[in-house]
Amino acid sequence: MKKTITLLPGDGIGPEVTTEAIRVLDKVAELFGHSFVYQSAAIGGIAIDQYENPLPDETLSLCRESDAILLGAVGGPKWDANPSHLRPEKGLLRIRKELELFSNLRPVSIYNSLIAESTIKEDIVRGIDLMIVRELTGGLYFGEPSERLDINGEEGAVDTLTYSRSEIERIIRMAFQLAEVRRKKIISVDKANVLESSKLWRQIANEIAEEFPHIELEHMLVDNAAMQLIKHPKQFDVLVTENLFGDILSDEASMISGSLGLLPSASLSSNGPGIYEPIHGSAPDIAGKGLANPLAAIASVAMMLKYAFGLEDEADSVMSAINRALDTGIRTADLVYGNQEYVSTTEMTDVVLQHL
Ligand code: NAI
Ligand code: MG
């Protein structure tokens, strides 16, 4: 199989982890007889430095022409004081919108050898398997107005949480379709006791549930969900929620797995290429030190193989290689406590490659 992949390494640890993910893709290509052609483009801070634009037109057109996109992360203190149109995150938000990647899948599970090391009790995390479905192109991150304003002569600001019926319908329907091939249970997370947008969300979820009578739908308020994720994560199969809620809950859920450096994601549209990226950010505190855990990016490549190319065996091989690499006991710095030894970003990948 021949596929073209656009690489958007971005900032901070983004380039470090995507480099490792590509090593794994190359090995998959070699072992299974595929050909992956890469084209690199700029996004985020590096694109601001080079083109004064966090998402240059050329990047967008390369993405549109490719079969899949592998992204690292964007952002960093260098650009924090920039005006909002010159912020790295603007590039990320815009590419999601331009490619209509409304559905962000964030699977949460735990690798065998990390169960005993979890900061949460073993019984609580063993066998965990949930899928966070985060709405990605609407909600609080996109609503207008979003600006500074004058409130009775005082400095103020406003952000807006907007959803249309069609935006809610398509993400809820995606959650039901995923639940169909999983354990047939959806927990829809909202704040319907306060927010009007959540009341509409809940109403539409109930309507769509009637099309799927064999799937159980439960509603949960987001503050309770934050608590339930740690108390009893196994009650979740598919968790579907608004953009900001999903962003926060998935960082929290990463600690069920053991580290933010472990969780991958796939951002999908109803047609056209998806973006595959770790859920973590650019981690400026550890950038350039070889400390980043590459496994979230490597697992994102597994999601690409599965969702973009339909290569399930290849995807399973990558996930199993990660599992067996961790079984050897090696850990990157994010997974060790106290003065335990750890390996570098590249060394971690070396061991994954040995087991592929
Ligand atoms: P972050 O996710 O970059 O880092 C949070 C903490 O987790 C840090 O202590 C970091 O060292 C650690 N961490 C993250 N990924 C890791 C990995 N692979 N291995 C080991 N440790 C890892 O979030 P933070 O610090 O809040 O944001 C830093 C920058 O990243 C900001 O500019 C932010 O806007 C941006 N960001 C970008 C995202 C993206 O590109 N998708 C997502 C989240 C944040
Ligand atoms: Mg996030």
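Residues numbered from 1 in each chain as written. Chains lettered and ligands numbered in written order. Predicted model: local features only at pLDDT ≥ 70, side-chain atom pairs only at ≥ 80, totals over all residues.

Under an unreviewed UniProt entry, the name given to the protein chain is 3-isopropylmalate dehydrogenase, and the source organism is Alkalicoccobacillus porphyridii. Checking UniProt for the protein chain, the heading Pathway (unreviewed entry) contains the comment "Amino-acid biosynthesis; L-leucine biosynthesis; L-leucine from 3-methyl-2-oxobutanoate: step 3/4." Taken directly from UniProt, the Function (unreviewed entry) text for the protein chain runs: "Catalyzes the oxidation of 3-carboxy-2-hydroxy-4-methylpentanoate (3-isopropylmalate) to 3-carboxy-4-methyl-2-oxopentanoate. The product decarboxylates to 4-methyl-2 oxopentanoate." (UniProt positions renumbered as here; feature names shortened; annotations may be inferred.)

**A closer look at the UniProt feature "binding site: Mg(2+)" (unreviewed entry) in the protein chain**
Within this structure's numbering, the places UniProt gives as "binding site: Mg(2+)" (unreviewed entry) are D223, D247 and D251. These annotated residues cover 29 residues of sequence, but their C-alpha atoms sit close together, with the largest distance between any two at 14.5 Å. Counting through the fold element by element, D223 comes out in helix α8 (residues 222-231). A count of 12 C-beta atoms within 10 Å places D223 in the exposed class. Considering the arrangement of structural elements, one finds D247 in helix α9 (residues 243-257). (Helix = DSSP H or I, 4+ residues; strand = E, 2+ residues; numbered from the N terminus. Buried ≥ 20, exposed ≤ 12 C-beta atoms within 10 Å, placed from the backbone.)

**Section: the site of ligand 1**
The local shell around ligand 1 holds 21 residues, among which G75, G261, H280, G281 and N293 are the closest. A per-class count over the shell around ligand 1 returns 11 nonpolar, 7 polar and 3 charged. (Near = placed C-beta within 6 Å. Nonpolar A, V, L, I, M, F, W, Y, C, P; charged D, E, K, R; others polar.)

**Digging into the pairing of strand β10 (residues 238-241)**
Because side chains alternate across β10, one face comprises the buried residues V238 and V240, and the other comprises L239 and T241, equally buried. Here 4 bridges tie strand β5 (residues 129-135) to β10, and the two strands are oriented parallel to one another. Paired with R134 across the bridge in β10 is T241. Two elements, strand β8 (residues 185-190) and β10, share 4 bridges in a ladder whose sense is parallel. Counterpart to I186 in the pairing with β10 is V238. (Pairing = 2+ DSSP bridges.)

**Looking at unusual backbone geometry**
Of note, the amide linkage connecting E144 to P145 takes the cis form, showing an omega dihedral of 0°. Mapped onto the secondary structure, P145 falls in strand β6 (residues 143-151). The backbone of E100 sits at a positive phi, close to 55°, despite the residue not being glycine. Its place among the elements puts E100 in the loop between α4 (88-98) and β4 (103-109). For E100, a count of 16 C-beta atoms within 10 Å puts it in the partly exposed group. Here K184, not a glycine, exhibits a phi torsion of approximately 60°, which is positive. When you line up the elements, K184 lands in the loop between α6 (165-180) and β8. We classify K184 as partly exposed; it has 14 C-beta atoms within 10 Å.

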